[in-house]
Amino acid sequence: MSSIVTEQGLLHYESIGRGQPIILLHGWINSWDVWRDSMITLSKTRKYRVYALDFWGFGDSAKGTRTSPSAFRVSSYVEMVNQFMNTLGIQKAPVFGHSMGGTVALQMALDHPERVEKVAVVGSPVIGNSLNPFLRLAGYGHIAKLIWRYPFMLHSIMRILLAKDSKEVRHMISRDVQRTTIESFFRSIGDLRDTDLRNDLPSLDIPTLGIYGVKDNIVSPSNAQVLTQNTPQTQVFMMKHSRHFPMIDE
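This write-up is about the structure you can find in this document.

Parameters and conventions
Residues numbered from 1 in each chain as written. Predicted model: local features only at pLDDT ≥ 70, side-chain atom pairs only at ≥ 80, totals over all residues. Heavy atoms only, no water. Helix = DSSP H or I, 4+ residues; strand = E, 2+ residues; numbered from the N terminus. Buried < 20%, exposed > 50% of the residue type's maximum accessible area, 1.4 Å probe, protein only. Polar contact = N/O pair within 3.5 Å; in protein donor to acceptor, adjacent residues only side chain to side chain. Contact = heavy atoms within 4.5 Å. Axes fitted to C-alpha atoms, helices over the stretch in contact; angles between N-to-C directions. Parallel < 35°, antiparallel > 145°, perpendicular 65-115°, else oblique. Left-handed = near helix turned anticlockwise from the far one by under 90°. Nonpolar A, V, L, I, M, F, W, Y, C, P; charged D, E, K, R; others polar. Pairing = 2+ DSSP bridges. Salt bridge = Lys/Arg side-chain N within 4 Å of Asp/Glu carboxyl O. Phe/Tyr/Trp six-rings, centres within 6.5 Å; stacked < 30°, edge-to-face > 60°. Lys NZ or Arg CZ within 6 Å of the ring centre and 35° of its normal.

## With respect to the side chain of Ser43
Right, on to step 1. By secondary structure assignment, the location of Ser43 is in helix H1 (residues 36–44).
Right, on to step 2. What makes Ser43 buried here is its relative accessible area of 13%.
Right, on to step 3. At 2.8 Å, the side chain of Ser43 and the backbone oxygen of Ile40 are in polar contact.
Right, on to step 4. Contacts of Ser43, omitting those with residues within four sequence positions, involve Ile16, Gly17, Tyr48 and Val50.

Rendered as structure tokens:
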């Protein structure tokens, strides 16, 4: 277990391998662990040093009183990644993100193009209103507090959303949501819901990869088309047998 200390508290990360650095970012109510198998596979090539971060408010990163509510925004997570790279002396690297992490990766490439060699997203919203309606509602504080007060409501929603997912995915979400605070729960998804990168993407002049599950019911796979239409150097792969977690499903 590795960590650095930031103004918002502890930033936890895991790393494996030797070689060129690659940074992996997880999605909403997830943790670095969503990338475990991918990290092992990449490290076996003996070409890459793979880093997987926990966003503030998730996994084993800071959730305490030092952590400001403003830390749970896409822009704040961009600066978290930038600070991480500064601290570890990583000048430039590919940044790869799943779901919310992919949106952060795209924004990182837009805000700090000198730091991002390539960017890749997996099941990530380019337009926030493409999120499942349940997730959009979770971004409202009064609804989130009601769900938090009555845990059976959260469990019921998760059962509906994940009914067709694998046992591995359901177990992972059940574990990671218990390490999430109400502040990071609703503030991060609320900010993601209001995100729209379409006007900024044409300036993204680096190789960009999009991977989307055809059966994704969390983030609409139509984001793949949005990415293709608005980003100059994009390749998109549609995974026919995948839902929201292609790296686990296939």
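## Here we look at the packing of helix H2 (residues 74–88) against helix H3 (residues 100–111)
Right, on to step 1. Relative to each other, H2 and H3 sit at 70 degrees, their axes nearing to 9 Å. Classified by the interaxial angle, the pair formed by H2 and H3 is roughly perpendicular. Along this stretch, H2 crosses H3, giving a crossing that reads as right-handed. Of the residues in H3, those touching H2 at Val74, Tyr77, Val78, Val81, Asn82 and Met85 are Met100, Thr103, Val104, Gln107, Met108 and Asp111.
Right, on to step 2. Of the residues that constitute the contact of H2 with H3, the class distribution is 8 nonpolar, 3 polar and 1 charged.

## Thoughts on the environment of Arg49
Right, on to step 1. Mapped onto the elements of the fold, Arg49 is located in strand S4 (residues 48–53).
Right, on to step 2. The exposure class of Arg49 is partly exposed, given its relative accessible area of 30%.
Right, on to step 3. Arg49 sits 51 residues away from Met100 along the chain, and the two C-alpha atoms are 23 Å apart.
Right, on to step 4. Among the polar contacts made by the side chain of Arg49, one reaches the side chain of Ser15 at a distance of 3.1 Å.

## Here's the deal with the pairing of strand S2 (residues 9–17)
Residues in a regular strand point their side chains to alternate faces of the sheet.
Right, on to step 1. Pairing geometry for strand S1 (residues 2–6) and S2, over 5 bridges, is antiparallel. Counterpart to Ile4 in the pairing with S2 is Leu11.
Right, on to step 2. Between the antiparallel neighbours S1 and S2 lie 2 residues.
Right, on to step 3. Where S2 lies against S4, 5 bridges are found, and the strand directions are antiparallel.

## Details of the pattern of salt bridges
Right, on to step 1. A complete count under the given rule lists 9 salt bridges for this structure.
Right, on to step 2. Put simply, Arg175 and Asp33 hold a salt bridge, and the shortest N to O gap is 3.0 Å. With Arg175 in helix H7 (residues 167–177) and Asp33 in the loop between strand S3 (20–25) and H1, this residue pair connects regions lying 142 residues apart in the sequence.
Right, on to step 3. Its relative accessible area of 26% is what places Arg175 among the partly exposed residues.

## Examining the packing of aromatic side chains
Right, on to step 1. Within the structure shown, the criterion is met by 8 aromatic pairs.
Right, on to step 2. Seen in terms of ring centroids, Trp148 and Phe185 are 4.8 Å apart; in terms of plane orientation they differ by 55 degrees. Their pairing is tilted. With Trp148 in helix H5 (residues 141–149) and Phe185 in helix H8 (residues 182–193), this residue pair connects regions lying 37 residues apart in the sequence.
Right, on to step 3. Its relative accessible area of 29% is what places Trp148 among the partly exposed residues.
Right, on to step 4. The class for Phe185 is buried, based on a relative accessible area of 1%.
Right, on to step 5. Among the aromatic residues, ring-to-ring pairing joins Tyr13, Tyr51 and Phe84 into one connected group.
Right, on to step 6. Its end group placed over the ring of Tyr140, Arg193 keeps NZ or CZ at 4.1 Å from the ring centre.

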